[in-house]
Structures are given as C-alpha cells and as structure tokens.
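Examining the three-dimensional arrangement
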Amino acid sequence: SKLIEMPIPARTEDAGQEQRFAMAVAGFGQLLRGSDYLRDWSYGDAIALANGARGDDPYGYRAEAVRLMRLAESLSN
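Description of the structure in this document. These numbers were taken from a predicted model, which means no experiment stands behind them.

**Observations concerning helix H1 (residues 17-33)**
Relative to the 24 Å expected for 17 residues at 1.5 Å per residue, H1 spans 25 Å between its end C-alpha atoms, a close match to the ideal helical length. Turning to H1, its buried residues are Arg20, Phe21, Met23, Ala24, Gly27, Phe28 and Leu31. The buried residues of H1 occupy an angular sector of 155° when the element is viewed end-on, so they sit on one face. More than 90 degrees from the buried face of H1, the exposed residues found are Glu18, Leu32 and Arg33. Buried residues in H1 make contact with helix H2 (43-52) and helix H3 (61-76). Gly34 occupies a position one or two residues after H1 and carries a positive phi of about 75°.

Structure representation (structure tokens):
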C-alpha cells in the first residue's frame, strides 16, 4: 500500500471535479449514518454537488450514485 495525502479545500469551488464528486459521496455516506457533523447539509446539497462534478461518466456509475442519492432523499422524507 501507499499513503496518499490530499487536503480537502474549505470551499468546494476550489476543489477539482474528482474531489467534488468524492466530497458528495462522502457527505452522502454521512447523511445515511445520521452524522451530527453535517449541520444543515442535506441530500439536496449532496445531489447538487455530485451533479456539478459528474463529468465524463462512460459507464454511468456517477449517474447511478446520483440516482441512489435521490432515492435516499425520497425515503428520508
């Protein structure tokens, strides 16, 4: 294994496309866990961040992640 360290920017606008999508997925996981650290961050925020960073998606995995986020959002209401 090899340690890879990468700082996460304080603002999502400063992050690259890959980092923003990873942040959306990590935040989605925290939402599913009911984390106290998210404050007012919502499924809508995760979906918007993921959609804005979807980029090239030749196999549709990122689109599927967004569909799962939307499904979780609908089940949480």
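Next, the rest of the story.
**Describing the environment of Arg67**
Following the sequence through the fold, Arg67 ends up in helix H3. According to the relative accessible area criterion, Arg67 is partly exposed, its value standing at 47%. In this structure the C-alpha to C-alpha distance between Arg67 and Ile47, which are 20 residues apart in sequence, comes to 8.8 Å. Reaching out from Arg67, the side chain makes a polar contact with the side chain of Glu64 at a distance of 2.9 Å.

Definitions and cut-offs
- Residues numbered from 1 in each chain as written.
- Predicted model: local features only at pLDDT ≥ 70, side-chain atom pairs only at ≥ 80, totals over all residues.
- Heavy atoms only, no water.
- Helix = DSSP H or I, 4+ residues; strand = E, 2+ residues; numbered from the N terminus.
- Expected span 1.5 Å × (residues − 1).
- Buried < 20%, exposed > 50% of the residue type's maximum accessible area, 1.4 Å probe, protein only.
- Arc of directions from axis to C-beta.
- Contact = heavy atoms within 4.5 Å.
- Polar contact = N/O pair within 3.5 Å; in protein donor to acceptor, adjacent residues only side chain to side chain.

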